[in-house]
Amino acid sequence: MSIEQNVKIVSATINPSRVRLIAVTKMQTAATVREAFAAGIRTVGENRVQEAVEKVAQLKDLGLEWHLIGHLQTNKVKTAVTLFSLIHSVDSMHLAAEIDHRARDIDKVQDILIQVNVSKEATKNGVEVSELLALANFVGTLPNLRLCGLMTIAPLAKDPEEVRPVFRETRQLFEKLRAELALGNEFCCLSMGMSLDYPVAVEEGATMIRVGTAIFGARV
Ligand SMILES: *Cc1c(COP(=O)(O)O)cnc(C)c1O
(Lines give C-alpha, C1' and ligand atoms only; values in the text may rest on other atoms or scores of the structure.)
Protein backbone atom coordinates (compact mmCIF):
# COMPACT_ATOMS: atom_id res chain seq x y z
CA MET A 1 0.00 0.00 0.00
CA SER A 2 1.22 3.49 -0.77
CA ILE A 3 1.47 6.28 1.76
CA GLU A 4 -1.31 8.02 -0.12
CA GLN A 5 -3.62 5.01 0.17
CA ASN A 6 -2.78 4.59 3.84
CA VAL A 7 -3.51 8.23 4.62
CA LYS A 8 -6.86 7.83 2.85
CA ILE A 9 -7.71 4.76 4.90
CA VAL A 10 -6.83 6.36 8.24
CA SER A 11 -8.53 9.65 7.32
CA ALA A 12 -11.70 7.83 6.30
CA THR A 13 -12.16 6.52 9.85
CA ILE A 14 -12.03 9.94 11.50
CA ASN A 15 -14.07 13.12 11.28
CA PRO A 16 -11.42 15.68 10.31
CA SER A 17 -13.31 18.55 11.91
CA ARG A 18 -13.11 16.80 15.31
CA VAL A 19 -9.94 14.72 15.11
CA ARG A 20 -6.51 15.75 13.88
CA LEU A 21 -4.30 13.14 12.26
CA ILE A 22 -0.67 13.53 13.28
CA ALA A 23 1.63 11.50 11.06
CA VAL A 24 4.45 10.11 13.17
CA THR A 25 7.56 10.59 11.08
CA LYS A 26 10.22 9.31 13.49
CA MET A 27 12.83 7.29 11.60
CA GLN A 28 11.33 8.38 8.26
CA THR A 29 13.44 10.31 5.76
CA ALA A 30 12.65 13.81 4.60
CA ALA A 31 11.72 12.37 1.19
CA THR A 32 9.14 10.12 2.83
CA VAL A 33 7.71 13.03 4.77
CA ARG A 34 7.31 14.86 1.45
CA GLU A 35 5.23 11.95 0.18
CA ALA A 36 3.02 12.22 3.23
CA PHE A 37 2.63 15.95 2.59
CA ALA A 38 1.60 15.20 -0.99
CA ALA A 39 -1.01 12.81 0.45
CA GLY A 40 -2.48 15.65 2.51
CA ILE A 41 -0.60 15.41 5.83
CA ARG A 42 -0.03 18.82 7.44
CA THR A 43 0.94 17.89 11.01
CA VAL A 44 3.81 15.58 11.88
CA GLY A 45 5.06 14.12 15.14
CA GLU A 46 8.67 13.39 16.05
CA ASN A 47 9.84 11.74 19.23
CA ARG A 48 13.42 13.01 19.32
CA VAL A 49 14.54 16.62 19.17
CA GLN A 50 17.85 15.80 17.52
CA GLU A 51 16.20 13.89 14.70
CA ALA A 52 13.69 16.66 14.12
CA VAL A 53 16.29 19.43 13.81
CA GLU A 54 17.55 18.19 10.48
CA LYS A 55 14.15 17.29 9.04
CA VAL A 56 12.60 20.61 9.97
CA ALA A 57 15.42 22.35 8.09
CA GLN A 58 15.10 20.07 5.05
CA LEU A 59 11.34 20.50 4.88
CA LYS A 60 10.97 24.19 5.68
CA ASP A 61 9.30 24.89 2.34
CA LEU A 62 6.29 22.69 3.22
CA GLY A 63 5.12 24.76 6.17
CA LEU A 64 4.37 21.63 8.19
CA GLU A 65 3.32 21.84 11.81
CA TRP A 66 5.78 19.89 13.99
CA HIS A 67 4.77 18.25 17.25
CA LEU A 68 7.05 16.65 19.82
CA ILE A 69 5.47 13.41 21.00
CA GLY A 70 8.42 11.73 22.74
CA HIS A 71 10.08 12.24 26.09
CA LEU A 72 11.87 15.58 26.38
CA GLN A 73 15.13 15.94 28.27
CA THR A 74 15.82 19.29 29.87
CA ASN A 75 19.03 19.80 27.91
CA LYS A 76 17.00 19.65 24.65
CA VAL A 77 14.31 22.13 25.70
CA LYS A 78 16.07 25.17 24.28
CA THR A 79 16.03 23.61 20.81
CA ALA A 80 12.58 22.07 21.22
CA VAL A 81 10.85 25.41 21.77
CA THR A 82 12.25 26.68 18.48
CA LEU A 83 10.93 23.69 16.51
CA PHE A 84 7.60 22.51 17.87
CA SER A 85 4.20 24.15 17.90
CA LEU A 86 2.94 21.58 20.42
CA ILE A 87 4.83 19.51 22.98
CA HIS A 88 2.74 16.46 23.97
CA SER A 89 5.04 15.05 26.62
CA VAL A 90 5.24 17.39 29.61
CA ASP A 91 5.34 15.18 32.68
CA SER A 92 7.07 17.05 35.50
CA MET A 93 7.21 20.47 37.13
CA HIS A 94 10.92 20.60 36.47
CA LEU A 95 10.40 20.12 32.72
CA ALA A 96 7.47 22.55 32.62
CA ALA A 97 9.55 25.23 34.34
CA GLU A 98 12.41 24.74 31.91
CA ILE A 99 10.12 24.98 28.86
CA ASP A 100 8.57 28.14 30.29
CA HIS A 101 12.01 29.63 30.83
CA ARG A 102 13.30 28.81 27.33
CA ALA A 103 10.06 29.93 25.69
CA ARG A 104 10.32 33.27 27.47
CA ASP A 105 13.86 33.68 26.11
CA ILE A 106 12.47 33.63 22.56
CA ASP A 107 9.24 35.50 23.35
CA LYS A 108 7.02 32.52 22.73
CA VAL A 109 4.03 31.10 24.50
CA GLN A 110 4.55 27.37 24.09
CA ASP A 111 1.51 25.14 23.68
CA ILE A 112 1.83 21.93 25.68
CA LEU A 113 -0.04 18.81 26.69
CA ILE A 114 0.50 16.97 29.95
CA GLN A 115 1.36 13.33 29.37
CA VAL A 116 -0.48 11.24 31.91
CA ASN A 117 0.51 7.71 32.82
CA VAL A 118 -2.86 6.03 33.09
CA SER A 119 -1.87 2.47 32.26
CA LYS A 120 1.45 2.42 34.15
CA GLU A 121 2.84 -0.46 32.11
CA ALA A 122 3.02 1.21 28.69
CA THR A 123 5.78 3.62 29.56
CA LYS A 124 7.65 4.97 32.52
CA ASN A 125 6.99 8.46 31.20
CA GLY A 126 3.98 10.54 32.03
CA VAL A 127 2.80 12.02 35.30
CA GLU A 128 1.03 9.76 37.76
CA VAL A 129 -2.71 10.31 37.91
CA SER A 130 -2.38 11.31 41.56
CA GLU A 131 0.01 14.13 40.60
CA LEU A 132 -1.86 15.40 37.54
CA LEU A 133 -3.83 18.13 39.28
CA ALA A 134 -0.75 19.56 41.00
CA LEU A 135 1.19 19.62 37.72
CA ALA A 136 -1.71 21.27 35.86
CA ASN A 137 -1.98 23.90 38.58
CA PHE A 138 1.73 24.55 38.38
CA VAL A 139 1.63 24.91 34.59
CA GLY A 140 -1.14 27.45 35.09
CA THR A 141 1.27 29.68 37.00
CA LEU A 142 3.82 29.76 34.16
CA PRO A 143 3.22 32.70 31.81
CA ASN A 144 4.96 31.23 28.77
CA LEU A 145 3.14 27.92 28.77
CA ARG A 146 -0.37 27.29 27.51
CA LEU A 147 -1.98 24.07 28.69
CA CYS A 148 -3.93 22.67 25.73
CA GLY A 149 -4.85 19.22 26.96
CA LEU A 150 -3.66 15.73 27.84
CA MET A 151 -1.77 12.95 26.11
CA THR A 152 -1.53 9.28 26.93
CA ILE A 153 0.11 6.15 25.54
CA ALA A 154 -1.79 2.89 25.92
CA PRO A 155 0.00 -0.42 26.38
CA LEU A 156 0.48 -2.65 23.37
CA ALA A 157 -2.47 -4.99 23.09
CA LYS A 158 -3.41 -7.61 20.54
CA ASP A 159 -7.01 -6.58 20.86
CA PRO A 160 -7.47 -2.79 21.04
CA GLU A 161 -10.60 -3.34 23.14
CA GLU A 162 -8.26 -4.22 25.99
CA VAL A 163 -7.00 -0.63 26.13
CA ARG A 164 -10.38 1.08 25.86
CA PRO A 165 -10.44 1.64 29.65
CA VAL A 166 -7.13 3.55 29.42
CA PHE A 167 -8.59 5.94 26.86
CA ARG A 168 -11.83 6.24 28.79
CA GLU A 169 -10.04 7.11 32.02
CA THR A 170 -7.87 9.68 30.24
CA ARG A 171 -10.97 11.29 28.79
CA GLN A 172 -12.53 11.42 32.25
CA LEU A 173 -9.38 13.00 33.70
CA PHE A 174 -9.50 15.54 30.89
CA GLU A 175 -13.10 16.50 31.65
CA LYS A 176 -12.47 16.61 35.38
CA LEU A 177 -9.43 18.82 35.02
CA ARG A 178 -11.23 21.20 32.68
CA ALA A 179 -14.04 21.58 35.19
CA GLU A 180 -11.89 21.81 38.33
CA LEU A 181 -9.45 24.33 36.95
CA ALA A 182 -12.11 26.18 34.93
CA LEU A 183 -9.85 25.92 31.89
CA GLY A 184 -10.78 27.82 28.76
CA ASN A 185 -11.36 26.83 25.16
CA GLU A 186 -7.67 26.31 24.56
CA PHE A 187 -7.91 23.20 26.74
CA CYS A 188 -9.30 21.10 23.92
CA CYS A 189 -6.71 18.49 22.92
CA LEU A 190 -6.85 14.86 23.86
CA SER A 191 -3.91 13.14 22.19
CA MET A 192 -4.43 9.39 22.28
CA GLY A 193 -4.43 6.50 19.85
CA MET A 194 -1.71 5.02 17.65
CA SER A 195 -1.73 2.69 14.62
CA LEU A 196 -3.19 -0.32 16.42
CA ASP A 197 -5.73 1.40 18.62
CA TYR A 198 -6.72 4.76 17.11
CA PRO A 199 -10.28 3.74 16.18
CA VAL A 200 -10.97 2.88 19.81
CA ALA A 201 -9.26 6.07 21.02
CA VAL A 202 -11.45 8.15 18.70
CA GLU A 203 -14.56 6.43 20.00
CA GLU A 204 -13.44 7.40 23.49
CA GLY A 205 -12.98 11.06 22.58
CA ALA A 206 -9.48 11.51 21.15
CA THR A 207 -9.06 14.80 19.27
CA MET A 208 -5.54 13.97 18.06
CA ILE A 209 -4.27 10.59 16.93
CA ARG A 210 -0.57 9.85 16.45
CA VAL A 211 -0.16 7.37 13.62
CA GLY A 212 3.12 6.08 12.21
CA THR A 213 3.10 2.44 11.11
CA ALA A 214 -0.40 2.55 9.58
CA ILE A 215 0.78 5.33 7.27
CA PHE A 216 4.43 4.52 6.57
CA GLY A 217 4.61 0.77 7.20
CA ALA A 218 6.81 -0.90 9.81
CA ARG A 219 9.83 1.14 10.90
CA VAL A 220 13.17 -0.52 10.14
C1 LIG B 1 6.06 5.99 17.63
C2 LIG B 1 4.98 6.68 18.36
C3 LIG B 1 3.67 6.70 17.85
C4 LIG B 1 3.24 6.01 16.57
O5 LIG B 1 3.28 4.63 16.73
P6 LIG B 1 2.70 3.67 15.57
O7 LIG B 1 2.38 2.42 16.30
O8 LIG B 1 3.80 3.50 14.58
O9 LIG B 1 1.51 4.33 14.99
C10 LIG B 1 2.72 7.41 18.57
N11 LIG B 1 3.01 8.05 19.72
C12 LIG B 1 4.25 8.03 20.23
C13 LIG B 1 4.52 8.76 21.51
C14 LIG B 1 5.28 7.36 19.57
O15 LIG B 1 6.51 7.35 20.11
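This is a predicted model, so every value here is computed, not measured.

Colleague: With reference to specific residues and values, describe the site of the ligand.
Modeller: Near the ligand, the surroundings consist of V24, K26, I69, I153, M194, S195, R210, V211, G212, T213 and R219. For the ligand, an oxygen atom lies 2.5 Å from a polar atom in the side chain of S195. The side chain of R210 places a nitrogen or oxygen atom 2.9 Å from a nitrogen atom of the ligand. The fraction of the free accessible surface of the ligand (380 Å²) that becomes covered by protein chains is 89%. Among the residues making up the shell around the ligand, the classes are represented as 5 nonpolar, 3 polar and 3 charged.

Colleague: Run through the nonpolar core, naming residues and quoting values.
Modeller: The biggest cluster of nonpolar side chains holds 65 residues, and the ones touching the most others in it are L72, F84, I99, I114, L150, I209 and I215. Broken down by element, this core gets its largest block of residues, 5 residues, from helix α7 (residues 164-180). Excluding residues that lie within four positions of it along the chain, I114 makes contacts with H88, V90, V127, L132, L135, A136, V139, L147, G149, L150 and M151. By size, the runner-up hydrophobic cluster in this structure holds 7 residues, among which are I22, L113, M151 and M208.

Colleague: How would you summarise the environment of E204 if you had to cite specific residues and measurements?
Modeller: Mapped onto the elements of the fold, E204 is located in the loop between α8 (198-203) and β9 (208-211). Ignoring sequence-local partners within four residues, the contact set of E204 consists of R164, F167, R168, R171 and M192.

Colleague: Report on helix α5 (residues 93-105), specifying residues and quantitative values.
Modeller: Over its 13 residues, α5 extends 18 Å from the first C-alpha to the last, a length consistent with the 18 Å expected when each residue adds 1.5 Å. Within α5 the residues assigned to the buried category are L95, A96, E98, I99, D100 and A103. The secondary structure elements touched by the buried residues of α5 are α4 (77-83), β4 (86-90), β5 (110-117), α6 (129-140) and β7 (145-151). In the segment just after α5, D107 is the residue with positive phi, at about 60°.

Colleague: A description of the pattern of salt bridges should follow, citing residues and the corresponding values.
Modeller: Counting across every chain of the model gives 15 salt bridges. Of the charged contacts in the structure, one is a salt bridge between R164 and E161, with a shortest N-O distance of 2.8 Å. The salt bridge involving E175 is made with R171; its shortest N-O contact spans 2.5 Å. With E175 and R171 both in helix α7 and 4 residues apart, the pair spans about one turn of that helix. Residues joined by salt bridges that share partners form a network here, namely E161, R164, R168, E203 and E204.

Colleague: Mind laying out the packing of α5 against α6, listing which residues take part and the relevant values?
Modeller: Contact geometry for α5 and α6: axes closest at 10 Å, N-to-C directions at 15°. Taken together, the axes of α5 and α6 lie roughly parallel to each other. Pair α5 / α6 crosses with right-handed handedness. When α5 is examined against α6, the residues M93, A96 and A97 are found in contact with a partner set consisting of A134, L135, F138 and V139. Partitioned by chemical class, the residues of the contact of α5 with α6 number 7 nonpolar, no polar and no charged.

Colleague: Describe in detail the environment of A23, supporting the description with residues and values.
Modeller: Structurally, the position occupied by A23 is in strand β1 (residues 20-24). Its relative accessible area of 0% is what places A23 among the buried residues. Along the primary structure A23 and V44 are separated by 21 residues, whereas in three dimensions their C-alpha atoms are 4.7 Å apart. Contact partners of A23, with chain neighbours within four places excluded, come to I41, T43, V44, G45, V211, I215 and F216.

The rules behind the values
Residues numbered from 1 in each chain as written. Predicted model: local features only at pLDDT ≥ 70, side-chain atom pairs only at ≥ 80, totals over all residues. Heavy atoms only, no water. Near = heavy atom within 4 Å. Polar contact = N/O pair within 3.5 Å; in protein donor to acceptor, adjacent residues only side chain to side chain. Areas by Shrake-Rupley, 256 points an atom, 1.4 Å probe, with all protein chains shown as cover. Nonpolar A, V, L, I, M, F, W, Y, C, P; charged D, E, K, R; others polar. Core = buried A, V, L, I, M, F, W, Y, C linked by side-chain atoms within 4.5 Å. Buried < 20%, exposed > 50% of the residue type's maximum accessible area, 1.4 Å probe, protein only. Helix = DSSP H or I, 4+ residues; strand = E, 2+ residues; numbered from the N terminus. Contact = heavy atoms within 4.5 Å. Expected span 1.5 Å × (residues − 1). Salt bridge = Lys/Arg side-chain N within 4 Å of Asp/Glu carboxyl O. Axes fitted to C-alpha atoms, helices over the stretch in contact; angles between N-to-C directions. Parallel < 35°, antiparallel > 145°, perpendicular 65-115°, else oblique. Left-handed = near helix turned anticlockwise from the far one by under 90°.

In short, geometric facts, not functional conclusions.
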